[in-house]
Structure formats: C-alpha cells, structure tokens
Amino acid sequence: MPMRISVFICLIFNQKMDTENTFEFEENLSDTNQQELVCSACGGHLKFDPATNKLKCDACGAEFDIEASDEEVNELDFNKYVEENLGSIETQTLHTVECENCGAHVTFDENVVSDRCPFCGTILVVTNTVAATQIKPGSLLPFGLDKQQSFDKFKAWIKALWFAPNDLSKRMTDIKELQGIYVPYWTYDTDTNTSYYGQRGTYYYTTETYTVNVNGKTETRTRQVRHTRWTPVSGSVHIFFDDVLVMASKSLSQKHANELEPWDLEHLVPYDEKYLSGFRTETYQVDLKDGFETAKKQIDNKIYRAIRNDIGGDEQRVTSKNTSYSAITFKHILLPVYISAYRYNDKVYQILVNARTGEVQGDRPYSVWKIIFFSIFSISAAWLAAYLMGFFEDM
Ligand SMILES: [Zn+2]
Ligand SMILES: [Zn+2]
C-alpha cells in the first residue's frame, strides 16, 4: 500500500501546462527541485529551519543558505485570470491527501504511511490522494518560529486557561508537538468608487410643557425634547484597498484564523519550494473568484463606514449604494501556522499558533463545575463585602 510516497511530495511547476501531461509527474519532475533538497555532504534530506532561515540536513545537521530571489512579489490581474479560466496562469500540481472528515487537502510527509489530519485529528489514509492543478503561490511568509518555540507558546496558553477541566491539562500533555502547515490565502487589491443615496439626520430640540400631579395639585413644567431632521443626500466615495486578506482554507476556524492577524505581509518572499520542506501545505479550497466575493464583504463594511462619514450630521441613513471595482489584482500566498487539533469529549478543538508572531488562538473546553463554584464564590464574596461595609459604616 505505501505506493511511492515520494510521489506525494512532488511538485510540478509549469507554465501553460498541457493537460495530457498533468499526471505524468514522475517524468516531469524537475531534477533541480529534488536535488536542491538533498544534502551534498551526506545525501540526507534537507528541511527548512526557521531558527536560521536556512536548509538543514536531517541526518548530519549541515546547513545550506537559501539564495535570496531577485524576483518581485507580483500582483496579478484578476479579471484576466477569471476570464481565461487559468489559461495563462502559472500552475502547479500538488499531490495531497484528502481528509474525509473535514475536507482538508494537505501534502503528506515523505515516508509517512498513515497520519492524523492536522486540522481535525482524524486518521488519514494515504491512499486517498488527489492531484490538484492549481494556481501556483506567488509568495509566502516563511516559518519564523520552530516547533519547540511554538510548543512553548502553546503550553503557556494552556496553563493560563481559566475554568478548564482538570483532566484537560492531562490530555494536553498527550500533545507532544504541533504540526506546521502553510495555509493558503488570497490577497486582493482594488480601486472602488461608490455612489450612494441616503439621508442626513440633524438633531434639534423643542421645549415641551407637561403637567405633573404633586400632592393633589397639578403643576406645569417644561422639558427639552430631541428630534431628528432628515435631509436627503447623495454623493460618492472613492477608496483604494490594498492586500485584503482572504483565507482560502475551509478547514481552519475562520474566527481563530482572523484572530491570528495581523501578518507581516511586508516580509513576503517569492515562492520557493525550499521553504516548504519539512512542513505541510494545504491546497486552496476557496477559489480565486469566491475569494473575491469574501473580500467584497470586508470591503463593503469599510465603504459603508466611509459613506456615513461622508454624509456627516448626527445620524446617517444609507438607502442605496452602488460600487464599481476596478484595477483588481490578486496574489496567492501561503502563511505559516502551527496547529494542534485535539478531541475532548468527542468534540474537535483547534489551537492555532501564528508561526511569525507566536500569537496563540483556539478553542478550549470549559469546566461547568468550575464556573458554577466560582460564581457561587463570587456572589458570596460580594455579599460578605457588602455586609462588612455596612458593618463598618454603622460603627
Ligand atoms: Zn547531511
Ligand atoms: Zn480533517
């Protein structure tokens, strides 16, 4: 069954790839790509080492520099690519294992026959391999923290958890390491012009008289009442958006992935397979077009705020708006994340570490009993404090 595992990690880069050749990957394997990951001292396998930013030999520890690329990180024309349907895009074919539980497609480690899905902990069967021809990433952020550093951050996070069940920490000690994964993202740039119709609300006050009954007598009093005067307005706002980030993975919790931001996108380096060695890579599950629809939602929120700002006054109503997008460009990038997926009472909990900043985000179980006891304790303490204060005031 363990077929030729080396096949799973092969990457083929091709411009205008001929579909007939897509699956003849063994013949197409570029020798240089493979040779560059072989240690010239001992023939061992080279992996990217985040601590030194170099390739390091698994076997003898020899280190090799990664030549800095003089390529620029290019923005690509979105409409051209959508119209041509990948026609002239630089693509690559990645061989991945599909997780039947969460749908993730991840590359597989060499020489591994069976392993767990890094996203949900399900046991993966290596025979479920899929070859996907996709847009080749243009750039990536290399892993900045190594496994041990990220594991230390992870342990510190666990330790600081409030109200975690006691056996959770015991369960956590079962987690020996985190898995490093390059998660696929899209970033979009676009110029937007939005015309809108709405209303500006301006406050004004009137004096009202009213009567009250005081000890059987009717008294007349006055008060200030606030009103809003609405006037119709229209206008347009013009905003340029740079690097709107959209995750192209469906296996990661969107909420926690958002919490890993910000990413230091100014340090993106041109895509080089060498940075991938020793880590897994997920292929994108959200395509270029759908990704832009998600980007539009982020863009829309900002435009809405800009319109309200443009309308001014005390309150604003936006009755209609129409946005045109121009000069849309995109980048396909990979961002480095360490993941631990653990099961606790049959639920999957994901913990993510931003492998650039060390920021930890994730799901955690709560102990209902600890919360109940703490609540009872807090209420009692509040009563006691109130009682003591009353006691001292009486003295
Ligand atoms: Zn070596
Ligand atoms: Zn999975």
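Undergrad: Teacher, can you tell me more about the overall build of the chain here?
TA: Across its full length, the chain holds eight helices and 18 strands. The buried share among the 395 residues of the chain stands at 28%. Of the contacts made within the chain by residues no fewer than 6 positions apart, 74% connect residues no fewer than 24 positions apart.

Undergrad: Is there a simple way to think about the sheet that holds strand β4 (residues 63-64) in this case?
TA: Note: strands within a sheet are paired through backbone hydrogen bonds, in either parallel or antiparallel orientation. Judged by pairing direction, the sheet is antiparallel, and its three strands sit side by side in the order β2-β3-β4 without closing on themselves. The strands lining the two open edges of the sheet, one partner per strand, are β2 (46-49) and β4.

Undergrad: For this particular structure, what's the right way to read unusual backbone geometry?
TA: Peptide bonds are mostly trans, and most non-glycine residues show a negative phi. Following Glu-261, the chain continues into Pro-262 via a peptide bond in cis, with omega recorded as 5°. When you line up the elements, Pro-262 lands in the loop between α6 (254-259) and β14 (269-270). Even without glycine at this site, Asn-53 takes up a positive phi of about 65°. Following the sequence through the fold, Asn-53 ends up in the loop between β2 and β3 (54-57). The partly exposed category is assigned to Asn-53, around which 15 C-beta atoms lie within 10 Å. With phi around 45°, Asn-215 is a residue other than glycine that occupies positive phi space.

Undergrad: What is the right way to look at the nonpolar core in this model?
TA: Nonpolar side chains tend toward joint burial in soluble globular proteins. Formed by 66 residues in total, the largest nonpolar core has its most connected members in Val-183, Tyr-185 and Val-337. Of all the secondary structure elements, the ones that give two or more residues to this core are β2, β3, α4 (147-159), β12 (179-214), β13 (217-247), α7 (288-311), β16 (315-344) and β17 (347-354). At nine residues, β16 tops the list of elements feeding residues into this core.

Undergrad: I tried to follow the environment of Leu-124 on my own but got confused; where do I start?
TA: The topology assignment puts Leu-124 in strand β9 (residues 123-125). Considered as a pair, Leu-124 and Glu-98 are 26 residues apart in the sequence and their alpha carbons are 7.6 Å apart.

Undergrad: I'm lost on the pairing of β12 in this one. Help?
TA: Working note: regular strand, side chains alternate between the two faces of the sheet. Here 22 bridges tie β12 to β16, and the two strands are oriented antiparallel to one another. Opposite Tyr-197, over in β16, you have Ser-320 as the bridge partner. As paired strands, β12 and strand β15 (residues 280-281) are joined by two bridges and run parallel to one another. Bridging across to β15, Ile-181 finds its partner in Arg-280.

Undergrad: For this particular structure, what's the right way to read α7?
TA: Owing to its 3.6 residues per turn, the α-helix aligns residues three or four sequence positions apart on the same side. Across its 24 residues, α7 extends 34 Å between first and last C-alpha, which sits within 8% of the 34 Å expected from 1.5 Å per residue. Residues of α7 that are buried: Leu-288, Gly-291, Phe-292, Ala-295, Ile-299, Ile-303, Ile-307 and Ile-311.

Undergrad: Explanation requested: the pairing of β16 in the structure shown.
TA: Direction of pairing for strand β5 (residues 76-77) relative to β16: antiparallel, over a ladder of two bridges. By the bridge assignment for β16, Asp-77 is matched with Thr-329. The pairing of β16 with β17 spans eight bridges and is antiparallel. The partner of Ile-339 across the bridge, within β17, is Leu-352. Counting the residues in the hairpin turn of β16 and β17 gives two residues, including Asn-345, whose phi is positive at 45°.

Undergrad: Would you mind showing me how to read the confidence of the model for the chain here?
TA: Residues shown with low pLDDT carry predicted positions that ought not to be read at fine detail. Per-chain confidence: the chain averages 82 in pLDDT, with 81% of residues scoring 70 or above. Of all secondary-structure elements in the chain, the lowest mean pLDDT belongs to helix α1 (residues 25-28), at 33, while α7 reaches the highest, 96. Within the model, pLDDT remains below 50 along residues 1-32, and this stretch shows 43 contacts once partners closer than five positions in the same chain are excluded.

Undergrad: Help me understand the environment of Ser-139, please; the structure alone is not making it clear to me.
TA: Structurally, Ser-139 is set in strand β11 (residues 139-140). Accessibility expressed as a C-beta count within 10 Å gives 21 for Ser-139, which makes it buried. Placed 65 residues apart in sequence, Ser-139 and Asn-74 show a C-alpha to C-alpha distance of 8.5 Å. Beyond its immediate chain neighbours, meaning those up to four positions away, Ser-139 contacts Val-73, Leu-268, Val-269, Pro-270, Tyr-271, Lys-331 and Ile-333.

What counts and what doesn't
Within each chain, residues carry numbers counting from 1 in the order of the written sequence. Labels are handed out in written order, letters beginning with A for the chains and numbers beginning with 1 for the ligands. Confidence filtering applies because this is a predicted model: local features only for residues at pLDDT of at least 70, side-chain atom pairs given and counted only at 80 or more, and all residues used for totals across whole chains, interfaces and linings. Note on conventions: DSSP H or I runs of at least 4 residues are helices, E runs of at least 2 residues are strands, and numbering of each starts at the N terminus. Exposure is read from a count of other C-beta atoms within 10 Å of each residue's own; the residue is exposed at 12 or fewer, buried at 20 or more and partly exposed in between. C-beta atoms are placed from the backbone. Contacts here follow a simple rule: the backbone-placed C-beta atoms of the two residues must lie within 7 Å. Here, any two strands with at least 2 DSSP bridges between them count as paired. To form a nonpolar core, buried Ala, Val, Leu, Ile, Met, Phe, Trp, Tyr and Cys residues must be joined through C-beta atoms within 7 Å. By this rule the span expected of a helix is its residue count minus one, scaled by 1.5 Å. The pLDDT value expresses, per residue, how confident the predictor is, ranging between 0 and 100.

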